[in-house]
Amino acid sequence: MIHLFAADIVPYPSWLNPADNTWQLTAATFVGLMSLPGLAVLYASLVPKKWAVNVLAMMFAGFSLVLVVWFLWGYKLGFGSTSIGGGVDVVHGVVTQTQNAGTTGTWAHFFDNFVGQPGTSTNSSQELGQAMSAANTAIPFHFPSATLFYFQFVFAAITPLLFLGSVLGRIKFTAWCLLVPLWSTFVYCVDAFMLWGGGYFAQEGALDFSGGYVIHMSAGVSGFVAAWVIGPRLLRDRQHALPNNLVMAAVGAGILWLGWNGFNGGDPYYAGADAAAAVINTNLATAVGVLVWMLMDAWFTKERKPTFLGGVNGMICGLVGITPCAGWVNAWGAIAVGAICCAVVWVAWNYLSKVPPFSKVDDALGVIYTHGIAGFLGGMLLGIFADPNMIEYGCGTLNRAGQVVNTAASTAGSQAQYLSSSKSCAPFGVQGLMYTGSAHQLWEQFRAAVWVIFWSALVTFILVKLISLVLRGARYRDDVLEVGDLAIHGEEAFPEETLAMRTDSAFAMAGLDTGGSSRLLDPDISPPGGAES
């Protein structure tokens, strides 16, 4: 029998808001599902069937590698309460920035706020204590650090998995397993701290609601550079790059779309009105993107047919484009962002891809277009369509238990108070060019975009070159590429009934000894005809 000795005792501290904590963990799970199985199934279905297992293996390995890196040193690099240069630090229990310390606009300010101090996020006090980061200094987090650790991890994990789409079909598995932790450390964590963790560009006023720059533009640029350095797929694979299963591709794409509700809906960090608005805007922009791409396929291509894969591309363009501005534009702005991003990327996909340097680089799934260009456009369009009346954080009042209370005489009065400034609080919205006539936000967005492009390209180039040097090449030999999954993993996604037949035919394509291949895989199976060769 259970006895309740005190009905007012609750199993969590006073600073924890159950709704905020529940939504943040749910949103994080949605984003995790975008990677596994969403992106894994989508990419594995879009490649020729001989590469499906390889894609799945690299997806699961990459996700796991980032998780280990994140808790051993990555989280503190990207979201820690102190920066290496001391520009971000904890003062009297509050994360403090140096944007008003007399160094604004100087190189000292830049390097003081470049990246967080590395450290682990593994002990009990770190996991159970109240979340604290320069990512949000105005309003205390109402959930534990463990929630923030995991929420930011799933964003860190999906980023390298996105640019896998640029290099699949030729990158060595070992090269991938080296690139993911190195890239996450030296590219992702730096960009995350600069824009999200309270670093330099955050202090200068650049904004990225949920990762248009930090995730998508960075992934697009890094994937393009990595594809350039590693080299192209086999000519046959480029000429016959047919999806192996469009139905499963639809499943993966659908998980991506609905998972994005957590991607953008979770980034206000609170289960509030702006989270709901971000979800609505995300779906509006995505729906418009699907329709615009299909219509442009039907109107402007030689075949004049709407294509499903075109619809998927449009979906991704809408999702990526709205990501940097989801909670700061209204519904009309979301529609405009989805349409503009999709139309521009459609033109780039069909025409820019035919001119150098794009025509010289084998970006297998076109990540530079659907993520790189769309992410850049979305971030810039924030500077135009941001509605200052889309309030991310208002001025509500909490009681001692952390619950919102109505201090006004009526509901309307409470709403008015929420939207009004006081000595201790100012509602936060973004001033877009269309509503204010000021191009300041547009300029800050451009500066941050230039940085992310430059840093992502430079460091990715260096890392891939170093990995190629260590492994004597980051690309598999052509004879291995001819076989694919069987040669690399000893598995295939769609095996035929007879092991000997499938191994012989696969290895025969590479001009290898067919009789020996089947014996290597199963010593009990003799070559066709029953005679030893």
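Everything below is about the structure printed above this text.
The following paragraphs examine the structure supplied in this document.

## Here we look at the overall build of the chain
Secondary structure summary: the chain contains 21 helices and four strands in total. Looking at the chain residue by residue over its 533 residues, the buried ones come to 53%. Excluding contacts between residues fewer than 6 apart, the proportion of contacts in the chain whose partners are at least 24 apart in sequence is 79%.

## Let's talk about the environment of Ala-27
Considering the arrangement of structural elements, one finds Ala-27 in helix H1 (residues 18–46). With 236 residues separating them along the chain, Ala-27 and Phe-263 place their C-alpha atoms 6.6 Å apart.

## Quick notes on the packing of helix H5 (residues 145–167) against helix H6 (residues 173–195)
Two quantities define a packed helix pair, namely the angle between the axes and the distance from one axis to the other. Here H5 crosses H6 at 125 degrees, and the two axes come no closer than 11 Å. With respect to H6, the element H5 is oriented oblique. Where H5 crosses over H6, the handedness of that crossing is right-handed. Along the contact surface, H5 presents Gln-152, Phe-155, Ala-156, Thr-159, Pro-160, Leu-161, Phe-163 and Leu-164, while H6 presents Trp-176, Leu-179, Val-180, Trp-183, Ser-184 and Tyr-188.

## A look at unusual backbone geometry
With an omega of 15 degrees, the peptide bond between Leu-36 and Pro-37 qualifies as cis. Within the element layout of this structure, Pro-37 appears in helix H1. In this structure, Pro-357 follows Pro-356 across a cis peptide bond, with omega equal to 0 degrees. Unusually for a residue other than glycine, Tyr-269 sits at a positive phi of about 75 degrees. A positive phi is found at Arg-472, a non-glycine position, where the angle reads about 55 degrees.

What counts as what
Residues numbered from 1 in each chain as written. Predicted model: local features only at pLDDT ≥ 70, side-chain atom pairs only at ≥ 80, totals over all residues. Heavy atoms only, no water. Helix = DSSP H or I, 4+ residues; strand = E, 2+ residues; numbered from the N terminus. Buried < 20%, exposed > 50% of the residue type's maximum accessible area, 1.4 Å probe, protein only. Contact = heavy atoms within 4.5 Å. Axes fitted to C-alpha atoms, helices over the stretch in contact; angles between N-to-C directions. Parallel < 35°, antiparallel > 145°, perpendicular 65-115°, else oblique. Left-handed = near helix turned anticlockwise from the far one by under 90°.

Functional significance is not addressed by these values, which are geometric in nature.
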